[in-house]
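# Structure at a glance
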Amino acid sequence: MHDTTKHLCTVQQQGDVSGALHPTKESPYCGQNNESISPTMTTETTWTRSSSCGGWHAEVSVRPTSASNLESIRSWWRNYFRSGQSESMDINREGEIDMSPLPQDIRGACIRATLTGDDSTFPVSFSSVNTIPCDVHVFILREEESCIEELQPTVGDDEWTAGCDNLSLPHISLESVWESLIFESEVKRQLLSHAQSALLFSDKRVSSHIIQWNRMILLHGPPGTGKTTLCRALAHKLAIRQCHRFPRTTLLEIHSHSLFSKWFSTSGKLVSALFQMIRDMVEDDPSSLVCVLIDEVESLAASRSNTSSNGDPTDAMRAVNSLLTSLDRLRHFPNVLVLATTNLNGSVDSAFVDRVDLKLHIGLPIAKARYQILRSCIQELIRVGIVHCSDNDTQGSDFPTYEEIHNQGEHKMDVSLSITEHYGVLLSKCAQQAEGLSGRSLRKLPLQAHALYTSSDSKLEDGSLPLEHFLEALFLAIKNDVEARVGL
Ligand SMILES: Nc1ncnc2c1ncn2[C@@H]1O[C@H](COP(=O)(O)OP(=O)(O)OP(=O)(O)O)[C@@H](O)[C@H]1O
């Protein structure tokens, strides 16, 4: 149950129908492989074709200082998978590959290699890794701080600026964020698959008179459910997965609020000016992918029916009109993707919603997702030594998964539970108690539990808290948080 190295059960994953995008000039930051390694069918392995980006991907992060050429690192990994040596590869629950058996120059160049499925479900079971169709993506994580693209104010106000954040991807600050987000099974796969298909259609010059798509995605749902983070993580993931097609990727995050000017009628002009700047970027470098994130889009695309009935000035309406016109102009460029979020559903202008290709509702986490989120918090606290597990077998990465508890532990009599299953059952109770809480709230609770519901008497000599005691404190923190919300 707690084997951290090898998982030898059945693989059920999508077969790869790789988008076969044409490689363009190689970036100093990225290299990839479009070729798939043919799956060898085994009795244990089921391949189903369900998406254009399905399958397994080896994501190999390389040191910025590496002297090796990215293309040669990629070829090396590809051959490694082909040669069958990967059969003896050790992979932990997070899909990270143990690099110690690899030659020193490759091991020295790579920071880490991760084997990841599109729904990022781990632990993964492999009968043998070399039977997996595997695209290899080699990249360097960027470390530069984001910069702000500023617009010159069109009306005289020295202190006022408008603009957006500009972050080069893949970026170290977004490393593992995609994997840390836990949703119902299909959400991440759908998003990634949709974005890749939309880029493929543009690349293949599918006639827009026959098939229409705008490369616009809208995530909507309650606050704190991870919409903004998911958009950033999607852009980061695309920078890795699409690096053969787009050697450079940029994330532009629009500051919607800064586009509303105190000067009469300037908001519309500002929106136009900002999108003109984005168009210039997109046009200047066709081999770079630009992901535009409009967070809380309702503040920029407020429903015009509401603004007029509220008697708001026409400035807001001009801003919406200007946004719609700007988006229509932007859609002609194949290398731009617009990601928008809102938690106020009815208040986004219907013409904006109509332009969106994919609208995804991101709901509050279900029991399984709540368990996984809390489990990741426990793992982190064990890793840093704030929580201590007396059972040597239950180190952070071995904490039971939801499936392990619900398929086995739950049905066992209390006395027959192993100590790890017992911890899993306690965590499962916390997850049930946390019904109605967002992912953001869940991630805040471990601190509250530690600060308010643990006693210093329970601390061990090294200052850490026994896991069981911490899980009890977590339950109390959740219970009180849920009760405090009633009536709010
Ligand atoms: N499903 C989830 N899985 C894991 N972590 C989550 C999840 N949902 C939210 N979180 C955590 O909450 C943080 C805040 O989420 P984020 O700001 O992206 O939510 P949001 O939906 O955009 O909220 P708002 O609508 O209030 O802006 C995330 O960075 C993440 O750490």
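The paragraphs below set out a description of the structure included in this document. Source: prediction; values computed, not measured.

## Quick look at helix α5 (residues 227-241)
The end-to-end C-alpha separation of α5 is 20 Å, in line with the 21 Å expected for 15 residues at 1.5 Å each. Among the 15 residues of α5, 13 are classified as buried, and the element is accordingly described as predominantly covered.

## What about the environment of C291?
Take C291: it is sitting in strand β11 (residues 288-294). Along the primary structure C291 and G346 are separated by 55 residues, whereas in three dimensions their C-alpha atoms are 25 Å apart. Beyond its immediate chain neighbours, meaning those up to four positions away, C291 contacts A235, L238, T249, L251, L337 and L339.

## Digging into the packing of helix α10 (residues 367-384) against helix α12 (residues 419-433)
Running from amino to carboxyl end, α10 crosses α12 at an angle of 125 degrees, the nearest separation of the two axes being 9 Å. Taken as axis vectors, α10 and α12 run oblique relative to one another. The element α10 and its partner α12 pack so that their crossing is right-handed. Residue-level contacts link A367, R370, Y371, L374, R375 and I378 of α10 to L427, S428, C430, A431 and Q432 of α12. The residue makeup of the contact of α10 with α12, split by class, is 7 nonpolar, 2 polar and 2 charged.

## Regarding the site of the ligand
Taken together, the neighbourhood of the ligand is formed by 19 residues, with P223, G226, T228, T229 and G439 sitting nearest. For the shell around the ligand, the elements supplying multiple residues, two or more each, are α5, α10 and α13 (439-452). Split by residue class, the shell around the ligand holds 7 nonpolar, 9 polar and 3 charged. Counting only domains with at least three residues in the shell around the ligand, you end up with domain 2 (147-361) and domain 3 (367-485).

Calculation criteria
Residues numbered from 1 in each chain as written. Predicted model: local features only at pLDDT ≥ 70, side-chain atom pairs only at ≥ 80, totals over all residues. Helix = DSSP H or I, 4+ residues; strand = E, 2+ residues; numbered from the N terminus. Expected span 1.5 Å × (residues − 1). Buried ≥ 20, exposed ≤ 12 C-beta atoms within 10 Å, placed from the backbone. Contact = placed C-beta atoms within 7 Å. Axes fitted to C-alpha atoms, helices over the stretch in contact; angles between N-to-C directions. Parallel < 35°, antiparallel > 145°, perpendicular 65-115°, else oblique. Left-handed = near helix turned anticlockwise from the far one by under 90°. Nonpolar A, V, L, I, M, F, W, Y, C, P; charged D, E, K, R; others polar. Near = placed C-beta within 6 Å. Domains from an automatic or database assignment.

By themselves, these figures tell us nothing about what the structure is for.
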